[in-house]
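Here's the letter readout for the chains.
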Amino acid sequence: MPIRARPVRVDRPADLEPAFLRMGLPTSAREYLLEKLPALHVLLTGLEREQGRFLAGLFSASEAPGREEYPGWVAGDLRVRPGTGLLSGRKEQFERVVAAAKERPELAELAAALARVLEASAPPAPLVLGSRTFTFGARTSVMGVVNVTPDSFSDGGRYFGTEAAVAHGLRLAEAGAEVLDVGGESTRPGSPPVSVEEEVARIVPVLEGLRARTDVPLSVDTTKAAVAREALKAGAVLVNDISGFHFDPELPRVTAEAGAACCLMHIQGTPQTMQKDPHYEDVVDEVLAFLEEGVERAVAAGVPRGRVLVDPGIGFGKTLGHNLYLLRRLDELRVLGLPLLVGTSRKSFLGKLTGGKPADERLAATLGSVAAMAAAGNADFVRVHDVAEVKDALTVADALRTALDGGALYQPGKVGG
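From a predicted model like this one, the values you see are computed outputs, not experimental measurements.

Things to note about the overall build of the protein
Along the backbone of the protein there are 14 helices and 14 strands. Taking the principal axes of the C-alpha coordinates as reference, the protein spans close to 70 × 55 × 45 Å. Burial statistics for the protein: of 417 residues in total, 52% are counted as buried. Within the protein, residue pairs in contact and separated by at least 24 positions form 70% of the contacts whose partners lie at least 6 positions apart. Surface summary for the protein: the accessible area is close to 18,400 Å², and the carbon and sulfur share equals 55%. Charge centroids of the protein, computed over 47 positive and 54 negative side chains, lie 3 Å from each other.

And the structure:
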């Protein structure tokens, strides 16, 4: 079992900044404190005995009582949860742990895991899709869904047909969609597979029609290399694979050869089996492991790591409880250092939460889910059907996340009591 360091809680600079402004600190002091003071609580799993002894020994051997050099360490119960523990402290204390671990070869894996947590506090690197560059950390971008299927759970085949699908995609673009995701195979629970020929026939004319009439980047929602190859020729610049590069071994290579980006999603099982009693020992850990495997396959095939997005796969082999817990703990996926795309739009778990409402009555619940993610800064993209309404909700949530106008004393350079 690999060592995993997962951020249970991390102070965000945006949350500390108002206090430093109210204190009247100059820019240089604020920047220094924002670099050193954030507090972290990090869950560690997969530790060997030597690594646990190392962490416990650092804290107990601190030479500055009252001003501890290293984070606090709490070991898990050795009888039932060996190899686990919690590190709690300031960012600069974690940096000392990483430096000390790097001096010992047998602790290299521990050092790397903790370093990833520290790096995860920074936004992912900008991503270029087509003619547009996406930057992350301040706002949430919107991917609009264009289903070219007769049996979609969300729209019942309303846009099945080239002209209807193209018109729908253009409406989503006009409403503010920043990426259009075109799919020709339903992935609702229990949905049957579609042949390569049928999937290509459904989506390629739509991609070509959209490419001719909008500069919004296009994504192809497929698990098949043969479909992706034709879609990329037709203008798609992103491969959105619900299998996370686990179904078709040729898909990573096709993606790399086209210079495309990819979004790798987690799924347990297949669309035919995924909702038949899904089970996890640790849902976050297993989602992370699955996504890491997909990223490794992408990079090995030649896709630059900076061209990869990840998706926790809400509703794909998960119970209501699994979905909610993943949404609550999206921060833990930040250790991958990659942009995070999340799709909750109209999904069945929202219907369960709201008394059994059907897909076409889940708009309010969808808005609640995307606003919660945006206000916490936990998603870089949301994949949705109702673009105009979601854009309004995100505008409010993103504004709340970055609000700094607490009065005159919160302005840089002001002085007072």
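Focus on the sheet that holds strand S3 (residues 72-75)
An order of S1-S2-S4-S3 is seen for the four strands of this open sheet, with the pairing classed as antiparallel. Two strands close off the open sheet at either side, each with one partner strand: strand S1 (4-10) and S3. Neighbour-to-neighbour, the strand axes of this sheet turn through a mean angle of 20°, independent of strand direction. Along the sheet, helix H4 (residues 91-102) makes contact with strand S2 (39-45) and strand S4 (85-90), crossing S4 at roughly 120°.

Remarks on the pattern of salt bridges
Taken as a whole and judged by the stated rule, the model has 29 salt bridges. Here Lys-91 ties to Glu-35 by a salt bridge, and the two come within 3.5 Å at their closest N and O atoms. One end of the pair, Lys-91, is in helix H4; the other, Glu-35, is in helix H2 (residues 27-36), with 56 residues separating them in the sequence. Among the residues examined, Lys-91 registers a relative accessible area of 14% and is labelled buried. Taking the shortest distance from any N to any O, the salt bridge between Asp-181 and Arg-383 comes out at 2.8 Å. Of the two residues, Asp-181 sits in strand S8 (residues 179-183) while Arg-383 sits in strand S14 (residues 381-384), which places them 202 residues apart along the sequence. Of the residues examined, Asp-181 reaches a relative accessible area of 0% and is grouped as buried. According to the relative accessible area criterion, Arg-383 is buried, its value standing at 18%. What you see here is one network of salt bridges that share partners, running through Arg-6, Asp-282, Arg-329 and Glu-332.

Some points on helix H1 (residues 13-22)
Residues Glu-17, Phe-20 and Leu-21 constitute the buried set of H1. Summarising the axial view, the buried residues of H1 lie within an arc of 95°, below the 170-degree limit, and thus occupy one face. On its buried face, H1 sits against H2.

Brief notes about the sheet that holds S8
Neighbouring strands of a sheet are bound in pairs by backbone hydrogen bonds; such pairs are parallel or else antiparallel. Pairing is parallel across the open sheet formed by eight strands, whose spatial order is S12-S11-S10-S9-S8-S7-S14-S13. The outermost strands of the open sheet, each flanked by one partner alone, are strand S12 (308-311) and strand S13 (341-342). Taken together, the four bridges between strand S11 (residues 261-265) and S12 define a ladder with parallel strand orientation. Each bridged residue has a counterpart across the sheet, and for Met-265 the counterpart in S12 is Asp-311. Here helix H10 (residues 283-301) sits on the sheet and contacts S11 and S12; the angle it forms with S11, its principal contact strand, is near 155°.

Notes on the nonpolar core
Most often, soluble globular proteins keep nonpolar side chains buried together rather than apart. Core analysis: the largest hydrophobic core is formed by 100 residues, its most contacted members being Leu-44, Phe-54, Leu-55, Leu-114, Leu-180 and Val-382. With eight residues, H10 is the single largest residue contributor to this core. Counting residues in hydrophobic clusters, the runner-up holds twelve residues, among them Leu-127, Phe-136, Leu-309 and Phe-381.

Rules used throughout
As a convention, each chain's residues are numbered from 1 in the sequence order in which they are written. Local features in a predicted model are, by the rule used here, given only for residues with pLDDT of at least 70; side-chain atom pairs are given and counted only at 80 or more, and totals for whole chains, interfaces and linings are based on all residues. Water and hydrogen atoms play no part in the side-chain values, which are based on all heavy atoms of the structure. Secondary structure follows DSSP: runs of H or I at least 4 residues long count as helices, runs of E at least 2 residues long count as strands, and numbering of each begins at the N terminus. Here's how the labels work: a residue is buried when its accessible area is under 20% of the maximum for its type, exposed when over 50%, partly exposed in between, all with a 1.4 Å probe on protein chains only. Every residue pair with non-hydrogen atoms within 4.5 Å of one another is taken to be in contact. The Shrake-Rupley method, run with a 1.4 Å probe sphere, supplies the accessible areas, and residue values consider only the shown protein chains as cover. Lys and Arg are tallied as positive, Asp and Glu as negative. Neither His nor the chain termini are counted. Charge positions come from single atoms, namely NZ of Lys, CZ of Arg, CG of Asp or CD of Glu. Any two strands are treated as partners once DSSP identifies two or more bridges connecting them. Every axis in this analysis is a line fitted to C-alpha atoms, fitted for helices over the stretch in contact. Angles between the N-to-C directions lie between 0 and 180 degrees. Salt bridges are defined as contacts in which a side-chain nitrogen from Lys or Arg sits within 4 Å of a carboxyl oxygen from Asp or Glu. The arc refers to the directions leading from the helix axis to the C-beta atoms. Only buried residues count toward a nonpolar core, which is a set of Ala, Val, Leu, Ile, Met, Phe, Trp, Tyr and Cys residues joined through side-chain atoms within 4.5 Å.

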